[in-house]
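# Residue-level structural notes
The lines below spell out each chain.
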Amino acid sequence: MSDPTPVIAPGDVRVRRALLSVSDKRGVVDFAKGLAALGAEIVSTGGTARALREAGLDVRSVDDLTGFPEMMDGRVKTLHPKLHAGLLGVRDNPDHVAAAQEHDVEWIDLVCVNLYPFERTAAVRGVGDEEVIENIDIGGPTMIRAAAKNHAFTAVVVRPESYDAVLAELEASDGRLSLDTRRALAGEAFALTARYDTAIARWFAEQVESFPPLFLRAFEKLTDLPYGENPHQRAALYTQVGARRHVLSMVGQLHGKELSFNNVLDLDAARRAVRDFEVPACVIVKHNNPCGAAVAPTAGEAYRRAFACDPLSAFGGIIALNRRVDAALAEALSQQFIEVLIAPGYDEDALEILTRKPHVRILDDQERRRPAGLQLDLRPVEGGLLVQDADADLQERTSMRVVTERVPDERQWEDLLFAWRIAKHVKSNAIVLARGLATIGIGAGQMSRVDSVRLAIEKAQSPVAGTVLASDAFFPFADGPEAAVAAGVQAIIQPGGSVRDDEVVAAADEAGVAMVLTGRRHFKH
């Protein structure tokens, strides 16, 4: 029979009946016990009902409430007018109340629902389409949206993390939840269904094309940040739902102040650069640009050579290593002012040395997964979003052309390929000077390429003679290579493609230096 109460004002709702149907069963038994202790009738479905009964709870089945059995392997169990009328009825509307009494509709005061694990299922490598589709929840989102829409009279709980707070308020208020709480819970509920539908729409779109007409992504807040690029700007870090990895995935902070907005930006740049190398490597980043990079037989040697490139700019930088830090390396690192240090582990005595400085942020990087599938680069613009393929490819030597009479020797080839990898991570216009698998000078972000050449030469802390040069894009004139050659550069790698390529190559030939064309550009704005 329907509830006898004729009219209920929004602020006066007491939880007398609760419907629980969850895929994630963490904490649901204790939550149900708490509701039952407050006098609420528990209605449930399928596996949730079994779990609650096994815990000794008196549970009413949904088909008893609706008068209609579950069917089609559980695809249809909560999609019934009596259930949804109990969720959607406006209880201070006499017409709604009369309709409920006429059709024996029973009010449902609280809905606790979470959804089939679509995101987790779709992320499994090799999973079949049929299994993914079976994990598209229909009844769950429908109940959640109905209860959230009618939050003036019905509470909706979608997160196990909310159970304790909801029970505490119910216990303190004679089984009632405030309208403010119900509104907040409704916001969480709509955010959940939006995220869920976004994941499903994205999965379907990616079966067909990478750039669908409607580009859908969901992001959830990982943490608040103390401020933005500048102290007067607020900031937070969000991570993309469903992403295999993110800037802080599998990263633990062992010491130091909380990360700032600028720290995270520079950390992302440093991690991206250092993971391009399998051998021991170090990359030092300042203001989103590498200011030193090197590979070497050991992490300690890689750091010393990277730091030597530009000690002045490295002051207060982000240092990324791809090898464990030992005590000897920690001693060298402790001599510098470091904003953030990230490495895949630290010896105990190394941590003792590094933590003597109270503010240095020490991060332990245990991420071993590679990004899965096609990676996209998202750039916000006013009122919109630019989307492109990520520049993640590592070009092989076999795809490059030597276009000068002089051919690079093997040592020069190693330096050219190293410099080319680093240039990909330097803001355009980018020029990288390298020797012995370490950067010697870096020119970044200049409006003309020849100015980037001059800046790289000017910043070099050791003689330029015998270095190689990498340019992220073609030289529009011969002046850039001529300036480099005059300083002692012996080999150049660049994409080519200028209408003046002949002049540029001729200048290299005249100077007797080697030039390699990659046919691929690496602009980074």
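Residues numbered from 1 in each chain as written. Predicted model: local features only at pLDDT ≥ 70, side-chain atom pairs only at ≥ 80, totals over all residues. Heavy atoms only, no water.

So, about the packing of aromatic side chains. In this structure the tally under the stated criterion is seven aromatic pairs. Centroid distance Phe118 to Trp203: 6.3 Å. Interplanar angle 90 degrees. Geometry classified as edge-to-face. Of this pair, Phe118 sits in helix 6 (residues 118-122) while Trp203 sits in helix 10 (residues 179-206), and the two are 85 residues apart along the sequence. Just as Phe118 is buried, Trp203 falls in that class too. (Phe/Tyr/Trp six-rings, centres within 6.5 Å; stacked < 30°, edge-to-face > 60°. Helix = DSSP H or I, 4+ residues; strand = E, 2+ residues; numbered from the N terminus. Buried < 20%, exposed > 50% of the residue type's maximum accessible area, 1.4 Å probe, protein only.)

A few words now on the side chain of Asn429. Examined against the element boundaries, Asn429 turns out to sit in the loop between helix 16 (410-423) and strand 17 (431-435). At a separation of 3.1 Å, a polar atom in the side chain of Asn429 contacts the main-chain carbonyl oxygen of Gln446. Within the structure, the side chain of Asn429 is placed 3.5 Å from the backbone oxygen of Met447, a separation counted as a polar contact. Ignoring sequence-local partners within four residues, the contact set of Asn429 consists of Gly443, Ala444, Gly445, Gln446, Met447, Ser448, Arg449, Ser452, Asp472 and Phe523. (Polar contact = N/O pair within 3.5 Å; in protein donor to acceptor, adjacent residues only side chain to side chain. Contact = heavy atoms within 4.5 Å.)

As a further point, take the side chain of Lys524. Secondary-structure assignment places Lys524 in the segment after strand 21 (514-517). At 7.6 Å, Asp268 is the nearest oppositely charged side chain to Lys524, a buried residue that forms no salt bridge. Those residues in contact with Lys524 that lie beyond four places of it in its chain are Asn288, Lys424, His425, Val426, Lys427, Ser428 and Asp472. (Lys, Arg positive; Asp, Glu negative; His and termini not counted. Salt bridge = Lys/Arg side-chain N within 4 Å of Asp/Glu carboxyl O.)

To continue, consider the packing of helix 17 (residues 449-459) against helix 18 (residues 479-487). Closest axis-to-axis distance for the helix 17/helix 18 pair is 8 Å, and the angle between their directions is 15 degrees. Taken together, the axes of helix 17 and helix 18 lie roughly parallel to each other. For the element pair helix 17 and helix 18, the recorded crossing hand is right-handed. The residues of helix 18 that touch helix 17, namely those facing Val450, Val453 and Ile457, are Asp479, Gly480, Ala483, Ala484 and Ala487. (Axes fitted to C-alpha atoms, helices over the stretch in contact; angles between N-to-C directions. Parallel < 35°, antiparallel > 145°, perpendicular 65-115°, else oblique. Left-handed = near helix turned anticlockwise from the far one by under 90°.)

Another point: the pattern of salt bridges. Taken as a whole, this structure holds 29 salt bridges when the rule is applied. With a shortest N-O distance of 3.7 Å, Glu188 and Arg159 are connected by a salt bridge. Of this pair, Glu188 sits in helix 10 while Arg159 sits in the loop between strand 5 (155-157) and helix 9 (163-172), and the two are 29 residues apart along the sequence. Overall, Glu188 belongs to the partly exposed group, its relative accessible area being 30%. Arg159 sits in the partly exposed class, given a relative accessible area of 36%. Of the charged contacts, one joins Asp377 and Arg379 as a salt bridge, the two residues approaching to 3.0 Å between their closest N and O atoms. Arg379 gets classed as partly exposed once you look at its relative accessible area, which sits at 30%. Where salt bridges share partners, they join Asp24, Arg26, Arg159, Glu161 and Glu188 into one cluster.

Once that is clear, we can look at the pairing of strand 17. In terms of residue burial, strand 17 counts as a mostly covered element, since four of its five residues are buried. Where strand 17 lies against strand 18 (residues 438-443), five bridges are found, and the strand directions are antiparallel. Across the sheet, residue Leu433 finds its bridge partner in strand 18, namely Gly441. The hairpin turn running from strand 17 into strand 18, its antiparallel successor, is two residues long, and Gly436 in that turn takes a positive phi close to 60 degrees. Relative to strand 19 (residues 468-471), strand 17 is paired through four bridges, and the arrangement is antiparallel. Bridging from a neighbouring strand, Ile431 pairs with Ser471 of strand 19. (Pairing = 2+ DSSP bridges.)

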